[in-house]
Amino acid sequence: MSRAARVLAPLAILLALLGAWELYALYGGVDRLILPAPHEVAQSLWTDRTLLWDNLRVTAGEVLLGIVAAGGAGFICALALHLSLALRRSTYPLLVASQTIPIPLIAPLLVVWLGFGLGPKLVIIGLISFFPIVVTTLDALSRVDREQINLLRTLDASRWRILRHVELPAALPGLLSGAKVAVAVAVIGAVFAEVFGGSSSGLGNVVQYAIPNLRTDRAYAAVLILSAFAIALFGLLTLAERWLVPWAHNPPGGNTR
Amino acid sequence: MDGVRVDGVERVFRVRGRRSGEVVALRGMSLRAAPGEIVAVVGASGCGKSTLLELICGLQQPDAGSVAADPAVLMPQRDLLLPWASALDNAALALRVRGVPAGKARIEAVPWFDRFGLGGFEHARPAELSGGMRQRVAFVRTLLAGKPVLALDEPFAALDALTRQEMQGWLARTLAEEPRTVVLVTHDVEEAVVLADRVVVMSPRPGRAVAELDVRVPRPRHRTDADVVALRERALQALGAPA
C-alpha cells in the first residue's frame, strides 16, 4: 500500500461512517434526543471542552491506574497458575466466572466496603481488565518449548532459573497483548464504575447526567473522547511492544523441524 | 570417568488413542561410549533415538535395563537460542543458569566466539545470524556447560546441505581440539561415518542396536573417500535400505 493510501483509506472510512450517521440522524426519522447528528456532537465537543477535558483527566487516571494494577496482579496470578497445576485446576474456572458478574450487582457492595472514592472504581476496572491479561500471559508461559526446558535441565538449571531466564521473558509478549485487549474493556469498565460506583466526576458521570438533561450530544461527545483515549492507549502499547519485545514477531527457537 | 553405558534398556510410553495404549520406543537397547569416544547412532525416524539421548541426559528414566553416564548436556536439532538475548548471552546461558554472574559468564564465553569464527557477532540477536552461526552459538553454549558427555540430537538436520557439510567439518576439527565423549544421533549415515569413531545402527521401533561398525578411517575424512563410501554402504545395508 502506498503512503497516501495508508492515510487516505482509514480517513475515507471514517468520513463515510460520519456521513451515513449525519444523513440518518437528519432524515432517518429518529428523535434527535435519542441520536444526535455528528455536527451537534462536534459542537458539544467544542462548547463543553472544559467540562469534557476536566472529566477526561479523572477517567483517564482511573483507567491508567486500573490497567497498571490489573497488569501487575494479572501477571502474578498467571505465574502462580503456571507454577501450580492444582491452583490452575481449582481457580481458573473461577476466574472465568468472575467475568460474568454484572457490575451493577457488585458495585453497591464495593461502595460499602471501599467508600465513594477511587477504591471501588479501581476494583471494577481491574476486575474487568485482569482477565485478558491473565489468559494471554498464561498462554505465553505455557507455549514455552518443552525441548527448551529439557535443554536447560541438562544445563543444571533450577526451576527458579528456568523461570527467570526463559519463562519470564517469554511471558512478556503475552502480558502486552493482554494489556492491549484490556485497554478497550477498561474504558467501558471505567464508565460502569462511575455510573454504578457513586461518582461525581469522570466521563461516565458526564454520560449519565447528560441524558436526563436532554444533552445526548454531550453524552456522545464524551463517548467519542473515551474512544479516542482507548485508541491512544492501544497505540502506545503497540509501540511499547515494538520496543520491549521486538523478537515476538519472529518464530521462536530458530529453525523448526 | 565411565563415558556412557546403556544396558538392555526398555522405554514404554503410554499413548492415548492407540488400541494397545502404549508405544515401545526402545527394547533391549544397549550402547557403550568410552570416554573421549565419538559414537554415532543412526536409524529411521521414530526409532527412539531422541529417547535414547534423553535417557543418557537423565531427562527420562528407563522402564527396564540401566543407564550409567557421566554428566551429559543435550544439544537439540533446533538451536533453541533465546530470541531476546544476544549471541553472547545465549552462549553464556549455560553458566548463568548455574548462578554465574552475567559479567563473568560473558568474559568466559568471549574467547569461544573468536575460536569459532563468531568474532564480531557477540551482540547480534539470533534472528540476525545465519543457520550455521546459530548452531555454532548453540555449540558454544553446549561446551560451556562443562560436561564430559555431549548428546547431539541431529544437530545439523535443519541446515541446508552446503552449510551442513561445512558444519560437519567444523565439528570434526572442534572435537579433535576439545575431546569429549559424544553420542551423536543422526539419520544421515554419511554424517555418522565422517564424524564418528563407531557407528551404531538401530532397528525401527522398538529401537535396539542391530549393527555396529568401527570407523577406522584416518581424519580428516571426506565424504568421497573410498573407505567412507564403503562404510556408508555397509551402514545403509544394515539399516535395510535397498542396495
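Residues numbered from 1 in each chain as written. Chains lettered and ligands numbered in written order. Predicted model: local features only at pLDDT ≥ 70, side-chain atom pairs only at ≥ 80, totals over all residues.

### With respect to the overall build of chain A
Note the following rule: Numbering of helices and strands runs from the N terminus, with a helix taken as a DSSP run of H or I at least four residues long and a strand as a DSSP run of E at least two residues long. Each residue is classed by its C-beta neighbour count within 10 Å, where at least 20 other C-beta atoms makes it buried, 12 or fewer makes it exposed, and intermediate counts make it partly exposed; the C-beta atoms are placed from backbone geometry. Throughout, a pair of residues is in contact if the C-beta atoms placed from their backbones lie within 7 Å.
Along chain A, the regular secondary structure elements total ten helices and zero strands. The principal-axis extent of the C-alpha atoms belonging to chain A is close to 70 × 55 × 30 Å. For chain A, with 257 residues in total, the buried portion stands at 37%. Long-range pairs, those at least 24 residues apart, make up 76% of the contacts in chain A with a sequence separation of at least 6.

### Quick word on the overall build of chain B
Along the backbone of chain B there are seven helices and nine strands. Dimensions along the principal axes, computed over C-alpha positions, put chain B at roughly 50 × 45 × 35 Å. Considering only contacts in chain B between residues 6 or more positions apart, those separated by 24 or more positions represent 71%.

### Quick notes on the interface of chain A and chain B
You'll often see interface size given as the accessible area lost when the parts meet. What counts here: All amino acids are sorted into three groups, where Ala, Val, Leu, Ile, Met, Phe, Trp, Tyr, Cys and Pro are nonpolar, Asp, Glu, Lys and Arg are charged, and the leftover types, Gly among them, are polar.
Contact residues are listed per partner, giving 23 residues for chain A and 27 residues for chain B. Taken together, the elements giving at least two residues each to the side of chain A that touches chain B come down to α7 (146–154) and α8 (159–196) of chain A. It is α7(A) that contributes the most residues to the side of chain A that touches chain B, seven residues altogether. Grouping the amino acids of the side of chain A that touches chain B by side-chain chemistry returns eight nonpolar, nine polar and six charged.

### Digging into the pairing of strand β9 (residues 209–214) of chain B
Looking along a regular strand, one sees side chains alternate from face to face of the sheet. The condition that has to hold: Pairing between strands requires that DSSP locate at least two bridges from one strand to the other.
Two elements, strand β8 (residues 198–202) of chain B and β9(B), share five bridges in a ladder whose sense is antiparallel. Note that in β9(B) the partner of B:Met202 across the bridge is B:Ala209.

### Here's the deal with the domain arrangement of chain B
All names here are of chain B. Rules: Start and end points for every domain follow an automatic or database-based domain assignment.
When cut into domains, chain B gives domain 1 (1–71 + 148–243) and domain 2 (81–146). Among the elements that take part in the side of domain 1 that touches domain 2, helix α5 (residues 161–177) stands out by supplying three residues, more than any other. In the side of domain 1 that touches domain 2, the residues fall into six nonpolar, one polar and two charged.

### Let's talk about the confidence of the model for chain B
Where we set the bar: Per-residue confidence from the prediction method is given by pLDDT, with values spanning 0 to 100.
Looking at chain B, pLDDT values average 88 and 98% of them are 70 or higher. Here the predicted complex carries an ipTM of 0.83, next to a pTM of 0.82.

### What to know about the nonpolar core
The test is simple: Joining buried Ala, Val, Leu, Ile, Met, Phe, Trp, Tyr and Cys residues through C-beta atoms within 7 Å gives a set, and that set is a nonpolar core.
Formed by 129 residues in total, the largest nonpolar core has its most connected members in B:Ile56, B:Ala151, B:Val183 and B:Val199. The residues that make up this core include at least three from each of domain 1 (1–71 + 148–243) and domain 2 (81–146) of chain B.

### What to know about the sheet that holds strand β4 (residues 64–69) of chain B
Residues and elements named next belong to chain B. As a reminder of what qualifies: Only the contacting stretch of a helix is used when fitting its axis, a line to C-alpha atoms as for every element, and angles between N-to-C directions run 0 to 180 degrees.
Spatial strand order, β2-β1-β4: three strands in an open sheet with antiparallel pairing. The open sheet has two free edges, formed respectively by β2 (22–33) and β4, since each of these has just one partner strand. Strand-to-strand twist in this sheet, taken as the mean axis angle between neighbours without regard to direction, amounts to 30°. Judged from the five bridges that link them, strand β1 (residues 4–14) and β4 form a sheet pairing that is antiparallel. In the strand pairing of β4, valine 4 is matched with alanine 69. On the sheet, helix α1 (residues 49–56) packs against β1, β2 and β4 and is oriented at approximately 120° with respect to β1.

### Focus on the pairing of strand β5 (residues 72–75) of chain B
Residues and elements named next belong to chain B. Side chains Ala72 and Leu74 project from β5 onto one buried face, and the interleaved Val73 and Met75 project onto a second face that is buried too. Note: β5 against strand β6 (residues 149–153), four bridges, orientation parallel. Opposite alanine 72, over in β6, you have valine 149 as the bridge partner.

### Observations regarding the sheet that holds β9(B)
Residue and element names in this part refer to chain B. Taken in spatial order, the six strands make up an open sheet running β5-β6-β7-β3-β8-β9, and their pairing is mixed. Of all strands in the sheet, those bounded by a partner on one side alone are β5 and β9. Across the sheet, the mean angle from the axis of one strand to that of its neighbour is 20°, orientation sign disregarded. Here four bridges tie strand β3 (residues 38–42) to β8, and the two strands are oriented parallel to one another. Across the sheet, valine 41 pairs through a bridge with valine 200, a residue of β8. Taken strand by strand, α1 contacts β3, β5, β6, β7 (181–186) and β8, and its axis lies near 155° from that of β7.

### Regarding helix α2 (residues 87–96) of chain B
Owing to its 3.6 residues per turn, the α-helix aligns residues three or four sequence positions apart on the same side. α2(B) sits mainly inside the fold: ten of its ten residues count as buried. Looking at α2(B), one finds that the buried residues are B:Ala87, B:Leu88, B:Asp89, B:Asn90, B:Ala91, B:Ala92, B:Leu93, B:Ala94, B:Leu95 and B:Arg96. Those residues of α2(B) that are buried lie in contact with α8 of chain A together with α3 (102–115) and α4 (131–144) of chain B.

### Things to note about the confidence of the model for chain A
Any residue range with low pLDDT should be treated as having predicted coordinates unsuitable for detailed reading. For chain A, mean pLDDT is 89; residues scoring 70 or higher make up 96% of the total. A low-confidence stretch, residues 251–257 of chain A (pLDDT under 50), is modelled with 18 contacts involving residues beyond four sequence positions or located in other chains.

### Quick look at the packing of α8(A) against helix α10 (residues 216–244) of chain A
The axes of two packed helices give the description: the angle between them and the distance between them. All names here are of chain A. Test applied: For classification, angles of less than 35 degrees are called roughly parallel, those exceeding 145 degrees roughly antiparallel, those between 65 and 115 degrees roughly perpendicular, and all remaining angles oblique.
One can describe the packing of α8 onto α10 by two numbers: an axis separation of 10 Å at closest approach and a directional angle of 170°. As far as their axial angle goes, α10 and α8 are roughly antiparallel. In this structure, α8 uses Leu172, Leu176, Ala179, Lys180, Val183, Ala184, Val187 and Val191 to contact α10, whose residues at the interface are Leu226, Phe229, Ala230, Leu233, Phe234, Leu237, Ala240, Glu241 and Leu244. For the contact of α8 with α10, the per-class residue count stands at 15 nonpolar, no polar and two charged.

### Looking at the environment of B:Val4
Residue and element names in this part refer to chain B. Summarising the element assignment, valine 4 is placed in strand β1. C-alpha separation for the pair valine 4 and aspartate 70, spaced 66 residues apart in sequence, amounts to 6.5 Å. With sequence-adjacent residues up to four places away left out, valine 4 is seen in contact with Leu31, Arg32, Ala33, Ile56, Ala69, Val149, Thr181 and Val183.

### Focus: unusual backbone geometry
Here the amide bond leading from B:Arg205 into B:Pro206 is cis, since omega sits at -5°, within 30 degrees of zero. For A:Leu214, which is not glycine, the phi torsion reads 60° and is therefore positive. Mapping A:Leu214 onto the fold places it in the loop between α9 (203–210) and α10. Accessibility expressed as a C-beta count within 10 Å gives 10 for A:Leu214, which makes it exposed. The backbone of B:Leu80 shows a phi angle near 50°, a positive value even though the residue is not glycine.

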